[in-house]
Amino acid sequence: EGSDRVGVQLSLGASGSSSGCTSVKIKCLKLVFDCFPYHTNLTRFFHLLLSVLVKFNNCAGNKGVRYETNSLDFKVRADGTVYAAHHVQMPSKQLILMVTAWDPQTLGRWEAIVRLLVAEKSQHSGHKTAPPSTFDTLLPWRQHQSANGLRRQKRDWVIPPINVPENSRGPFPQQLVRIRSDKDKEIHIRYSITGVGADQPPMEVFSIDPVSGRMYVTRPMDREERASYHLRAHAVDMNGNKVENPIDLYIYVIDMNDNRPEFINQVYNGSVDEGSKPGTYVMTVTANDADDSTTANGMVRYRIVTQTPQSPSQNMFTINSETGDIVTVAAGLDREKVQQYIVIVQATDMEGNLNYGLSNTATAIITVTDVNDNPPEFTTSTYSGEVPENRVEVVVANLTVMDRDQPHSPNWNAIYRIISGDPSGHFTIRTDPVTNEGMVTVVKAVDYEMNRAFMLTVMVSNQAPLASGIQMSFQSTAGVTISVTDVNEAPYFPTNHKLIRLEEGVPTGTVLTTFSAVDPDRFMQQAVRYSKLSDPANWLNINATNGQITTAAVLDRESDYIKNNVYEATFLAADNGIPPASGTGTLQIYLIDINDNAPELLPKEAQICEKPNLNVINITAADADIDPNVGPFVFELPSVPSAVRKNWTITRLNGDYAQLSLRVMYLEAGVYDVPIIVTDSGNPPLYNTSVIKVKVCPCDENGDCTTIGAVAAAGLGTGAIIAILICIIILLTMVLLFVVWMKRREKERHTKQLLIDPEDDVRDNILKYDEEGGGEEDQDYDLSQLQQPETMDHVLNKTPGVRRVDERPIGAEPQYPIRPVIPHPGDIGDFINEGLRAADNDPTAPPYDSLLVFDYEGSGSTAGSVSSLNSSSSGDQDYDYLNDWGPRFKKLADMYGGGEED
């Protein structure tokens, strides 16, 4: 969004016409004629010369674009028309305007410089007045005397532009020009300048002596910082009154070659396909020079300095000296030989003059891109592999190829196809994305008995097509031999889910069918044996040799094992191969129904009023068989006993329903067993005599049994009901008396005094003897409590009372042998026998119950660890004596005394 600038030079001339109008309209920096009122006796024609071509970004109707100028005399309308803001008198032969266009939406700015040059012709003579010569002293304000003494003010002089070279070394301030008015002879005049560079930033670049009118530049100029300055010179008297009209001063900075060309990038990256023809475009490098592009200082030219590597030629590329376009100049680009070139490009101003111009360099990296100019080739002409039969997704062979194109690109990636040898589509070839190898994979199981080997012809190509003019290599085709190995296959039932139909109820041992399997291994001599795998009702048997199916029980269609009249069993066929293989087959038996189930009457119980015509009982029948061995049913009453037909009658409703009702006008309330004969429609028909319990009871006006009637119908009279009520009352009274007696007894038990001391009463005491704790070395116990007590004071001093039965009696103690403090080193059996003899000689020994205290045994043990004992298996021990020890040792005698078994 920088500033685009265009220069426009306008020439103004005078003609003989007395009036006219002319103006300039700027649209997209293209100039068109328009006119505005200009009151003068001269018609001025603008001759427009466009000095540089500039693109204007907002040409879509110029909507929203705003214009402004740096002159107070001229304005620009919204449509781009330049017009005079008021009556303007042209004071000089040229007028320079700066027109600025800016878009408030995109913030873009464009500038156009309009220079107006005025050429004047006399109305009478037609001769052009000569322009004044340029002197160090300029008199822009001149007065002329007419012949009659009257003063006529002529047009002010046009001050030519002042050119100042940039980077001047001074000394400063350096005089540029002197400005004076011819009125300075009459009055004292003060001179001043205004504008950018004087009293506007940058400040004090230019200065003027207010007395002499000499104008100076105070420091070196930089054209790249600012190329021109527009100042105005003023002349006033000592009181500040304007003496002359302000004049415009235009100062142009002359460009010097003080800037080197600068590349936009130091490193440029481009690419070109290998095998490209000479003249193929590669890339463009661009260098900008800050100097004036209209002069040789800013005209940049390009050339290639070096190329690395210089293969196959040292001049593989050339560059357009003006545009910077790099193109190929020689053939022979081959990525497989040279993948990248590094080209040093030099940009020089002064139109490429190496003696006077300034230069700069940049690096262009040109990558030779791969094209598919190398077809893939197999590393060998034949490949082989092996696959077991009935296996899928198995890689049987790896095909290796060589491709000199760029790896892992479409020009290198291989695609394999099977041309011939696999009409059934058993194999496919998948590409390994890393190694580019072709993996021959089984996708459809092969059968050894059908094909023992396959001879495949395969072809390899790339994802990308070959480049123009490149032919497929004969090495892109190879042969693959695949051998199939035989494995033991499971036998199979040709008609799996075999369905047979037969009537139910066939006798046991009936041959149903032969359910045989086939072993696909034709080249192996193997036998097939059969067995049951699933027989839910255990109704079938199968011959292990030939697969003949016979019944082991009567088949019943009405069984719970039957689903939709079908019984299903599964059988196993296994061969004797290595390893054995087996297959399963399912036999489905469709059972045809026979009339083997008599109908059952429904419901089993009913209720009816004791008077007829109030309600009836609807009856039907249920039969486990299916059509045609079910309804319509025949309902009838038996002739015996005769009371049935006397009291009841049956009315047929339809084939499945009938009504049971009273034949008599009144029947005593009660429960009656009414037998009914139900016959189905089977061939031959079956019948069944079913009994329905009918409760006859008195009914209300709605036909419902009353409560009393329901009890009476249950068979209980009034006396029976009263007797039941009396029994219930007596039972409740007995329960109440028992509860009162228990509460009283509990109260007396709590108020009765105990006959003995509760501490000595052992009836309700819990004596705990199982606090074993840890070992003697693990517990910090007071072991002195285990020693033999020295005195009996705690026993003799006890008050008389009831003695506990497990307490030792008071009396003289026997003299036990004194044991040493150190544990006895002898056998533990001697120690126990010694204590046993002392206890036998103790007069205070049993019949009382007592605990024999063997005292403290010491801190250590002379016996070894029990964990070191092992059972002997030498067999030298004779256990026959266990037979003489009685029935309790009979089990041990059988285990150890019976001798060795075969």
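Our structure is the block above this text.
This text gives an overview of the structure that appears in the document. Values in this document were obtained by computation on a predicted structure and should not be read as measured data. (Residues numbered from 1 in each chain as written. Predicted model: local features only at pLDDT ≥ 70, side-chain atom pairs only at ≥ 80, totals over all residues. Heavy atoms only, no water.)

**With respect to unusual backbone geometry**
Short version of the rule: Only runs of H or I of at least four residues qualify as helices and only runs of E of at least two qualify as strands under DSSP, and these elements are numbered from the N terminus. Summary of the burial criterion: residues with accessible area below 20% of their type's maximum are buried, those above 50% are exposed, and those between are partly exposed, where the area comes from a 1.4 Å probe applied to protein chains only.
Here Pro 201 and Pro 202 are connected by a cis peptide whose omega angle stands at -5 degrees. With respect to the helices and strands, Pro 202 occurs in the loop between β15 (190-195) and β16 (206-208). Omega for the bond connecting Val 640 with Pro 641 falls within 30 degrees of zero, at -5 degrees, which places this linkage in the cis form. With a phi close to 60 degrees, Glu 204 is a non-glycine residue in the positive phi region. Position of Glu 204 among the secondary structure elements: in the loop between β15 and β16. For Glu 204, a relative accessible area of 59% corresponds to the exposed category. Even without glycine at this site, His 497 takes up a positive phi of about 60 degrees. Structurally, His 497 can be placed in the loop between β37 (477-485) and β38 (498-503). Judged by relative accessible area, His 497 falls into the partly exposed class, the value being 47%.

**Considering helix α5 (residues 828-840)**
To keep things clear, this is the line we draw: What a helix is expected to span follows from its residue count: subtract one and scale by 1.5 Å. Throughout, the arc means that of the directions going from the helix axis to the C-beta atoms.
Given a rise of 1.5 Å per residue, 13 residues ought to cover 18 Å, and the 19 Å separating the end C-alpha atoms of α5 matches this to within 8%. Restricting attention to buried positions, one finds in α5 the residues Gly 835, Ala 838 and Ala 839. One side of α5 carries all its buried residues, which in axial view fall inside an arc of 100 degrees. In α5, the exposed positions that point more than 90 degrees away from the buried face belong to Arg 837 and Asp 840.

**Section: the sheet that holds strand β44 (residues 582-592)**
Let me state the cut-off plainly: Here the rule is simple: two strands pair whenever DSSP picks up at least two bridges between them. Helix axes use the C-alpha atoms of the stretch in contact, all axes being lines fitted to C-alpha atoms, and the angles between their N-to-C directions lie in the range 0 to 180 degrees.
The four strands lie next to each other as β38-β44-β43-β40, forming an open sheet whose pairing is mixed. Edge positions in the open sheet fall to β38 and β40 (528-534), since each of these has one partner strand only. Here the strands of the sheet are splayed against their neighbours by 30 degrees on average, with no regard to which way each runs. Both β38 and β44 contribute to a ladder of six bridges, which runs parallel. Counterpart to Arg 501 in the pairing with β44 is Tyr 590.

**As for the pairing of β37**
In β37, alternate side chains face the same way, and those of Ala 478, Val 480, Ile 482 and Val 484 are buried while those of Thr 477, Gly 479, Thr 481, Ser 483 and Thr 485 on the opposite face are not. Taken together, the seven bridges between strand β30 (residues 382-388) and β37 define a ladder with parallel strand orientation. Bridged to Val 387 within β37 is Val 484. Note: strand β36 (residues 453-462) against β37, seven bridges, orientation antiparallel. What sits directly across from Thr 457, in β37, is Gly 479.

**Section: the packing of aromatic side chains**
Note the threshold: Think of it this way: a Phe, Tyr or Trp ring, Trp meaning its six-membered ring, pairs with another when their centres are within 6.5 Å, and the plane angle makes it stacked under 30 degrees, edge-to-face over 60, tilted otherwise.
Scanning the entire structure with this criterion turns up 16 aromatic pairs. Centre to centre, the rings of Phe 378 and Tyr 383 are 6.0 Å apart; their planes meet at 65 degrees, and the pair counts as edge-to-face. Residue class for Phe 378 comes out buried when judged on its relative accessible area of 5%. When the centroid spacing of 6.2 Å and the interplanar angle of 45 degrees are considered together, the rings of Phe 378 and Tyr 416 count as tilted. In this pair, Phe 378 is assigned in strand β29 (residues 377-378) and Tyr 416 in strand β33 (residues 414-420), connecting sequence segments 38 residues apart. Here Phe 378 and Tyr 416 have matching classes, each one buried. Here the aromatic cluster, defined as three or more aromatic residues joined through ring pairs, consists of Phe 493, Phe 515, Tyr 530 and Phe 571.

**A short note on the sheet that holds strand β21 (residues 267-273)**
Ordered by their spatial adjacency, four strands build an open sheet running β21-β28-β27-β24, and the pairing between neighbours is mixed. Strands at the two margins of the open sheet, each flanked by one partner only, are β21 and β24 (301-308). When strand polarity is set aside, the average angle formed by the axes of neighbouring strands in this sheet is 30 degrees. Pairing geometry for β24 and strand β27 (residues 340-348), over seven bridges, is antiparallel.

**What to know about the pattern of salt bridges**
Going by this rule: Every case where a carboxyl oxygen of Asp or Glu lies within 4 Å of a side-chain nitrogen of Lys or Arg is listed as a salt bridge.
Applying the stated criterion across every chain yields a total of 15 salt bridges. Salt-bridge contacts for Asp 370 lead to Arg 335; the nearest nitrogen and oxygen are separated by 3.2 Å. Here Asp 370 is found in the loop between β28 (359-369) and β29, whereas its partner Arg 335 is found in the loop between β26 (325-328) and β27, with 35 residues between them in sequence. An identical accessibility class is assigned to Asp 370 and Arg 335; each is buried.

**Some details on the nonpolar core**
How we decide: Definition used in this section: a nonpolar core is a set of buried Ala, Val, Leu, Ile, Met, Phe, Trp, Tyr and Cys residues joined via side-chain atoms within 4.5 Å. Pairs of residues are marked as contacts when any of their non-hydrogen atoms sit within 4.5 Å.
Among the nonpolar cores identified, the biggest contains 25 residues, and Ile 193, Phe 206, Met 215, Met 221, Leu 231, Leu 249 and Ile 251 are the most heavily contacted of them. Elements supplying a minimum of two residues to this core: β13 (162-165), β14 (174-179), β15, β16, β17 (214-217), β18 (228-236) and β19 (247-254). Excluding residues within four positions of it along the chain, Ile 251 makes contact with Ile 162, Val 164, Phe 206, Met 215, Ala 227, Ser 228, Tyr 229 and Leu 231.

Keep in mind these numbers describe shape, not what the thing actually does.
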